[in-house]
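Working through the structure, step by step
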Amino acid sequence: MVSVLEDEMADSPSRAEIVDMLRQHVEAGCTDMLAEAPVNHFANHSTPPQAPLEPTHEIKPEIKPEVNFKPAAPQLATPQIPTANAADSAAASAEVAAAADSLEALQNAIQGFDGCGLKKTAKNTVFCDGVAGAKIMLIGEAPGQDEDREGKPFVGRSGQLLDTMLATIDLSRAENLYISNIVPWRPPGNRTPSAEEIAICRPFIERHIALAKPDMLLLVGNISNKTLLQTETGITKLRGQWQTYEADNISLPALPLLHPAYVLRRPETKADVWADLCALKTRLAG
Ligand code: URA
(Lines give C-alpha, C1' and ligand atoms only; values in the text may rest on other atoms or scores of the structure.)
Protein backbone atom coordinates (compact mmCIF):
# COMPACT_ATOMS: atom_id res chain seq x y z
CA MET A 1 0.00 0.00 0.00
CA VAL A 2 2.73 2.39 1.02
CA SER A 3 4.71 1.59 -2.11
CA VAL A 4 1.60 2.18 -4.32
CA LEU A 5 1.16 5.60 -2.69
CA GLU A 6 4.84 6.31 -3.09
CA ASP A 7 4.62 5.37 -6.80
CA GLU A 8 1.65 7.69 -7.30
CA MET A 9 3.31 10.49 -5.40
CA ALA A 10 6.46 10.09 -7.44
CA ASP A 11 4.43 11.10 -10.54
CA SER A 12 2.62 13.96 -8.79
CA PRO A 13 3.96 17.48 -8.87
CA SER A 14 5.33 18.70 -5.57
CA ARG A 15 3.56 21.40 -3.58
CA ALA A 16 6.20 23.90 -4.69
CA GLU A 17 5.62 22.94 -8.34
CA ILE A 18 1.86 23.35 -7.97
CA VAL A 19 2.29 26.76 -6.34
CA ASP A 20 4.66 27.72 -9.14
CA MET A 21 2.16 26.60 -11.82
CA LEU A 22 -0.61 28.58 -10.12
CA ARG A 23 1.62 31.63 -9.91
CA GLN A 24 2.36 31.37 -13.65
CA HIS A 25 -1.36 31.18 -14.39
CA VAL A 26 -2.11 34.25 -12.28
CA GLU A 27 0.73 36.18 -13.92
CA ALA A 28 -0.66 35.22 -17.34
CA GLY A 29 -4.04 36.58 -16.31
CA CYS A 30 -5.75 33.18 -15.94
CA THR A 31 -7.64 34.12 -12.81
CA ASP A 32 -11.20 33.21 -13.78
CA MET A 33 -12.81 29.91 -14.65
CA LEU A 34 -14.68 29.95 -17.97
CA ALA A 35 -15.87 26.34 -17.95
CA GLU A 36 -15.89 23.25 -15.74
CA ALA A 37 -13.44 21.36 -17.96
CA PRO A 38 -10.32 22.61 -19.78
CA VAL A 39 -10.70 22.99 -23.57
CA ASN A 40 -7.79 22.71 -25.98
CA HIS A 41 -8.88 25.06 -28.76
CA PHE A 42 -5.71 24.41 -30.72
CA ALA A 43 -6.22 20.64 -30.91
CA ASN A 44 -9.04 20.65 -33.42
CA HIS A 45 -10.56 23.85 -34.73
CA SER A 46 -13.56 22.09 -36.25
CA THR A 47 -14.61 20.53 -32.93
CA PRO A 48 -16.93 22.68 -30.84
CA PRO A 49 -15.82 23.34 -27.26
CA GLN A 50 -16.71 20.46 -24.90
CA ALA A 51 -18.34 22.77 -22.37
CA PRO A 52 -20.25 25.97 -23.14
CA LEU A 53 -18.04 29.03 -22.72
CA GLU A 54 -20.60 30.93 -20.71
CA PRO A 55 -19.59 33.60 -18.27
CA THR A 56 -20.12 32.54 -14.67
CA HIS A 57 -22.09 35.70 -13.96
CA GLU A 58 -24.97 37.57 -15.52
CA ILE A 59 -24.04 40.43 -17.87
CA LYS A 60 -26.64 43.19 -18.11
CA PRO A 61 -25.89 45.78 -20.78
CA GLU A 62 -26.67 49.24 -19.46
CA ILE A 63 -29.53 51.06 -21.17
CA LYS A 64 -28.86 54.70 -22.03
CA PRO A 65 -32.08 56.44 -22.92
CA GLU A 66 -30.80 59.55 -24.60
CA VAL A 67 -28.53 58.08 -27.28
CA ASN A 68 -29.18 56.11 -30.42
CA PHE A 69 -26.12 53.95 -29.96
CA LYS A 70 -26.34 51.27 -27.31
CA PRO A 71 -23.21 49.20 -26.81
CA ALA A 72 -23.90 45.61 -27.79
CA ALA A 73 -23.75 43.01 -25.05
CA PRO A 74 -20.14 42.04 -24.45
CA GLN A 75 -19.17 38.89 -26.34
CA LEU A 76 -16.77 36.22 -25.27
CA ALA A 77 -13.57 36.49 -27.25
CA THR A 78 -13.00 33.58 -29.62
CA PRO A 79 -9.58 31.96 -29.18
CA GLN A 80 -7.46 32.60 -32.27
CA ILE A 81 -4.05 31.62 -33.60
CA PRO A 82 -1.73 34.63 -33.12
CA THR A 83 -0.99 36.56 -36.30
CA ALA A 84 2.65 36.61 -37.27
CA ASN A 85 3.17 40.17 -38.30
CA ALA A 86 2.21 43.15 -36.14
CA ALA A 87 2.64 45.61 -39.01
CA ASP A 88 0.17 43.62 -41.11
CA SER A 89 -2.22 43.55 -38.16
CA ALA A 90 -1.93 47.31 -37.68
CA ALA A 91 -2.66 47.81 -41.40
CA ALA A 92 -5.62 45.44 -41.09
CA SER A 93 -7.01 47.26 -38.03
CA ALA A 94 -6.66 50.60 -39.83
CA GLU A 95 -8.63 49.23 -42.77
CA VAL A 96 -11.32 47.72 -40.56
CA ALA A 97 -11.61 50.91 -38.49
CA ALA A 98 -11.84 53.18 -41.52
CA ALA A 99 -14.68 51.08 -42.93
CA ALA A 100 -16.82 51.55 -39.81
CA ASP A 101 -19.32 54.37 -40.31
CA SER A 102 -21.01 54.29 -36.91
CA LEU A 103 -20.12 53.44 -33.32
CA GLU A 104 -22.13 50.26 -33.59
CA ALA A 105 -20.30 49.24 -36.76
CA LEU A 106 -16.97 49.98 -35.09
CA GLN A 107 -17.87 47.91 -32.02
CA ASN A 108 -18.87 44.99 -34.25
CA ALA A 109 -15.71 45.39 -36.31
CA ILE A 110 -13.49 45.34 -33.22
CA GLN A 111 -15.33 42.34 -31.79
CA GLY A 112 -14.75 40.51 -35.05
CA PHE A 113 -11.08 41.51 -35.39
CA ASP A 114 -8.59 38.72 -34.77
CA GLY A 115 -5.31 40.51 -35.41
CA CYS A 116 -4.43 41.32 -31.80
CA GLY A 117 -3.12 38.54 -29.57
CA LEU A 118 -4.71 40.12 -26.49
CA LYS A 119 -8.12 39.00 -27.69
CA LYS A 120 -7.09 35.37 -27.20
CA THR A 121 -6.77 35.71 -23.46
CA ALA A 122 -9.54 38.25 -22.85
CA LYS A 123 -13.08 37.26 -21.97
CA ASN A 124 -14.71 40.34 -23.46
CA THR A 125 -14.07 43.11 -25.91
CA VAL A 126 -14.43 46.28 -23.81
CA PHE A 127 -15.71 49.01 -26.10
CA CYS A 128 -17.29 51.84 -24.13
CA ASP A 129 -19.52 53.05 -21.36
CA GLY A 130 -21.42 56.24 -20.74
CA VAL A 131 -23.26 58.60 -23.03
CA ALA A 132 -22.35 58.31 -26.71
CA GLY A 133 -22.43 61.83 -28.09
CA ALA A 134 -21.31 63.41 -24.80
CA LYS A 135 -19.08 66.46 -25.13
CA ILE A 136 -16.38 64.86 -23.03
CA MET A 137 -14.70 61.57 -23.90
CA LEU A 138 -12.37 60.00 -21.34
CA ILE A 139 -9.80 57.49 -22.54
CA GLY A 140 -7.87 55.12 -20.30
CA GLU A 141 -5.27 52.46 -21.01
CA ALA A 142 -6.79 48.98 -21.10
CA PRO A 143 -9.37 46.90 -19.25
CA GLY A 144 -8.37 45.21 -16.03
CA GLN A 145 -9.84 42.06 -14.56
CA ASP A 146 -13.17 43.60 -13.50
CA GLU A 147 -13.60 45.39 -16.80
CA ASP A 148 -12.81 42.20 -18.72
CA ARG A 149 -15.38 40.33 -16.67
CA GLU A 150 -18.12 42.93 -17.10
CA GLY A 151 -17.28 44.12 -20.60
CA LYS A 152 -17.23 47.79 -19.56
CA PRO A 153 -14.37 50.21 -18.96
CA PHE A 154 -13.42 51.49 -15.50
CA VAL A 155 -15.75 49.43 -13.33
CA GLY A 156 -13.14 48.13 -10.86
CA ARG A 157 -11.53 49.91 -7.92
CA SER A 158 -9.79 52.53 -10.02
CA GLY A 159 -13.00 53.11 -11.97
CA GLN A 160 -14.89 53.71 -8.75
CA LEU A 161 -12.30 56.28 -7.69
CA LEU A 162 -12.53 57.84 -11.15
CA ASP A 163 -16.32 58.15 -10.83
CA THR A 164 -15.96 59.73 -7.39
CA MET A 165 -13.35 62.21 -8.59
CA LEU A 166 -15.39 63.23 -11.64
CA ALA A 167 -18.58 63.53 -9.64
CA THR A 168 -16.97 66.39 -7.71
CA ILE A 169 -17.19 68.46 -10.90
CA ASP A 170 -20.59 67.10 -11.94
CA LEU A 171 -19.34 64.67 -14.57
CA SER A 172 -20.81 61.19 -14.71
CA ARG A 173 -21.07 58.38 -17.22
CA ALA A 174 -24.81 58.32 -16.59
CA GLU A 175 -25.25 61.88 -17.84
CA ASN A 176 -22.46 63.66 -19.62
CA LEU A 177 -19.38 61.50 -20.09
CA TYR A 178 -18.31 58.88 -22.63
CA ILE A 179 -15.54 56.42 -21.73
CA SER A 180 -13.24 54.08 -23.62
CA ASN A 181 -9.68 52.74 -23.59
CA ILE A 182 -6.69 52.69 -25.93
CA VAL A 183 -6.78 48.88 -25.97
CA PRO A 184 -10.14 47.06 -25.89
CA TRP A 185 -8.82 43.76 -24.50
CA ARG A 186 -7.31 43.04 -21.09
CA PRO A 187 -3.57 42.38 -21.20
CA PRO A 188 -2.85 39.17 -19.23
CA GLY A 189 -2.09 39.86 -15.60
CA ASN A 190 -2.87 43.57 -16.15
CA ARG A 191 0.53 44.15 -17.69
CA THR A 192 1.09 47.30 -19.75
CA PRO A 193 0.10 46.71 -23.37
CA SER A 194 3.13 46.31 -25.64
CA ALA A 195 4.07 48.86 -28.30
CA GLU A 196 2.89 46.39 -30.96
CA GLU A 197 -0.46 45.84 -29.28
CA ILE A 198 -0.94 49.59 -28.97
CA ALA A 199 -0.02 50.11 -32.63
CA ILE A 200 -2.58 47.49 -33.66
CA CYS A 201 -5.36 48.99 -31.50
CA ARG A 202 -4.63 52.65 -32.16
CA PRO A 203 -6.70 52.93 -35.38
CA PHE A 204 -9.68 51.67 -33.39
CA ILE A 205 -9.53 54.38 -30.72
CA GLU A 206 -8.80 57.08 -33.33
CA ARG A 207 -11.86 56.02 -35.30
CA HIS A 208 -13.80 55.77 -32.04
CA ILE A 209 -13.00 59.42 -31.30
CA ALA A 210 -13.94 60.47 -34.83
CA LEU A 211 -17.31 58.71 -34.62
CA ALA A 212 -18.12 59.76 -31.03
CA LYS A 213 -17.41 63.41 -31.95
CA PRO A 214 -16.59 64.76 -28.47
CA ASP A 215 -15.62 68.40 -27.94
CA MET A 216 -12.73 67.49 -25.71
CA LEU A 217 -10.73 64.52 -24.44
CA LEU A 218 -9.64 63.55 -20.94
CA LEU A 219 -6.58 61.34 -21.33
CA VAL A 220 -6.02 59.24 -18.27
CA GLY A 221 -2.57 57.82 -17.52
CA ASN A 222 0.69 57.49 -19.41
CA ILE A 223 -0.33 55.11 -22.19
CA SER A 224 -3.38 57.11 -23.17
CA ASN A 225 -1.38 60.33 -23.38
CA LYS A 226 1.67 58.87 -25.10
CA THR A 227 -0.46 57.10 -27.67
CA LEU A 228 -2.88 59.86 -28.59
CA LEU A 229 -0.59 62.87 -28.18
CA GLN A 230 2.38 61.06 -29.71
CA THR A 231 4.65 62.35 -26.99
CA GLU A 232 7.38 60.82 -24.88
CA THR A 233 6.70 63.21 -22.00
CA GLY A 234 5.50 61.37 -18.91
CA ILE A 235 2.12 61.94 -17.33
CA THR A 236 3.49 63.49 -14.13
CA LYS A 237 4.87 66.35 -16.26
CA LEU A 238 1.94 66.55 -18.68
CA ARG A 239 -0.92 66.37 -16.20
CA GLY A 240 -3.14 69.40 -15.94
CA GLN A 241 -1.71 71.08 -19.06
CA TRP A 242 -4.06 71.28 -22.01
CA GLN A 243 -2.74 69.61 -25.14
CA THR A 244 -4.08 69.17 -28.65
CA TYR A 245 -5.09 65.81 -30.07
CA GLU A 246 -4.70 65.70 -33.85
CA ALA A 247 -5.63 62.85 -36.16
CA ASP A 248 -7.63 62.38 -39.34
CA ASN A 249 -8.39 66.09 -39.76
CA ILE A 250 -9.65 66.26 -36.19
CA SER A 251 -8.19 68.63 -33.67
CA LEU A 252 -9.43 68.51 -30.09
CA PRO A 253 -8.34 69.95 -26.75
CA ALA A 254 -7.08 67.15 -24.53
CA LEU A 255 -6.42 67.24 -20.80
CA PRO A 256 -3.91 64.74 -19.41
CA LEU A 257 -4.89 63.38 -16.01
CA LEU A 258 -3.20 61.02 -13.56
CA HIS A 259 -4.53 57.49 -13.76
CA PRO A 260 -6.78 56.61 -10.79
CA ALA A 261 -4.82 53.37 -10.28
CA TYR A 262 -1.73 55.53 -9.73
CA VAL A 263 -3.67 57.77 -7.35
CA LEU A 264 -4.77 54.68 -5.40
CA ARG A 265 -1.12 53.66 -5.04
CA ARG A 266 0.01 57.23 -4.27
CA PRO A 267 -2.77 58.93 -2.25
CA GLU A 268 -0.63 62.05 -1.87
CA THR A 269 -1.30 62.76 -5.59
CA LYS A 270 -5.00 63.40 -4.89
CA ALA A 271 -4.23 67.09 -4.51
CA ASP A 272 -2.83 67.18 -8.07
CA VAL A 273 -5.94 65.50 -9.44
CA TRP A 274 -8.11 67.93 -7.52
CA ALA A 275 -6.22 70.89 -9.00
CA ASP A 276 -6.57 69.46 -12.53
CA LEU A 277 -10.28 68.83 -12.07
CA CYS A 278 -10.80 72.39 -10.81
CA ALA A 279 -9.05 73.67 -13.96
CA LEU A 280 -11.32 71.45 -16.06
CA LYS A 281 -14.40 72.77 -14.30
CA THR A 282 -13.31 76.33 -14.94
CA ARG A 283 -12.86 75.57 -18.63
CA LEU A 284 -16.24 73.85 -18.85
CA ALA A 285 -17.90 76.84 -17.18
CA GLY A 286 -16.20 79.33 -19.51
N1 URA B 1 -7.68 51.07 -16.19
C2 URA B 1 -7.87 51.60 -17.41
O3 URA B 1 -7.02 52.30 -17.92
N4 URA B 1 -9.01 51.33 -18.04
C5 URA B 1 -9.98 50.59 -17.50
O6 URA B 1 -11.01 50.40 -18.14
C7 URA B 1 -9.76 50.07 -16.22
C8 URA B 1 -8.61 50.31 -15.58
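This text goes with the structure placed above it.
This text gives an overview of the structure that appears in the document. (Residues numbered from 1 in each chain as written. Predicted model: local features only at pLDDT ≥ 70, side-chain atom pairs only at ≥ 80, totals over all residues. Heavy atoms only, no water.)

A separate point is the site of the ligand. Near the ligand the following residues occur: Gly140, Glu141, Ala142, Glu147, Pro153, Phe154, Ser158, Asn181 and His259. Note that an oxygen atom of the ligand is positioned 2.7 Å from one of the backbone N or O atoms of Glu141. Between the ligand and Asn181 there is a distance of 2.8 Å, counted from a nitrogen atom to a side-chain nitrogen or oxygen. Computed on the free molecule, the ligand has an accessible area of 230 Å², of which 92% lies beneath the protein chains in the complex. Here the shell around the ligand is composed, by residue class, of three nonpolar, four polar and two charged. (Near = heavy atom within 4 Å. Polar contact = N/O pair within 3.5 Å; in protein donor to acceptor, adjacent residues only side chain to side chain. Areas by Shrake-Rupley, 256 points an atom, 1.4 Å probe, with all protein chains shown as cover. Nonpolar A, V, L, I, M, F, W, Y, C, P; charged D, E, K, R; others polar.)

Angle between the axes and distance between the axes are the two parameters that describe a pair of packed helices. For the pair helix α8 (residues 195-212) and helix α9 (residues 222-229), the least separation of the axes is 11 Å and the interaxial angle reads 80°. Between α8 and α9, the interaxial angle falls into the category roughly perpendicular. On α9, the residues touching Ile198, Arg202, Ile205, Glu206 and Ile209 of α8 are Ile223, Thr227 and Leu228. For the contact of α8 with α9, the per-class residue count stands at five nonpolar, one polar and two charged. (Axes fitted to C-alpha atoms, helices over the stretch in contact; angles between N-to-C directions. Helix = DSSP H or I, 4+ residues; strand = E, 2+ residues; numbered from the N terminus. Parallel < 35°, antiparallel > 145°, perpendicular 65-115°, else oblique. Contact = heavy atoms within 4.5 Å.)

Quick look at the sheet that holds strand β2 (residues 136-140) now. Strand order in the open sheet made by the six strands is β1-β3-β2-β4-β6-β5, with mixed pairing throughout. Among the strands making up the open sheet, the edge pair consists of β1 (129-130) and β5 (243-247). Against the sheet, α8 contacts β2, β3 (177-181), β4 (216-220), β5 and β6 (250-257), and its axis sits at roughly 165° relative to β2. (Pairing = 2+ DSSP bridges.)

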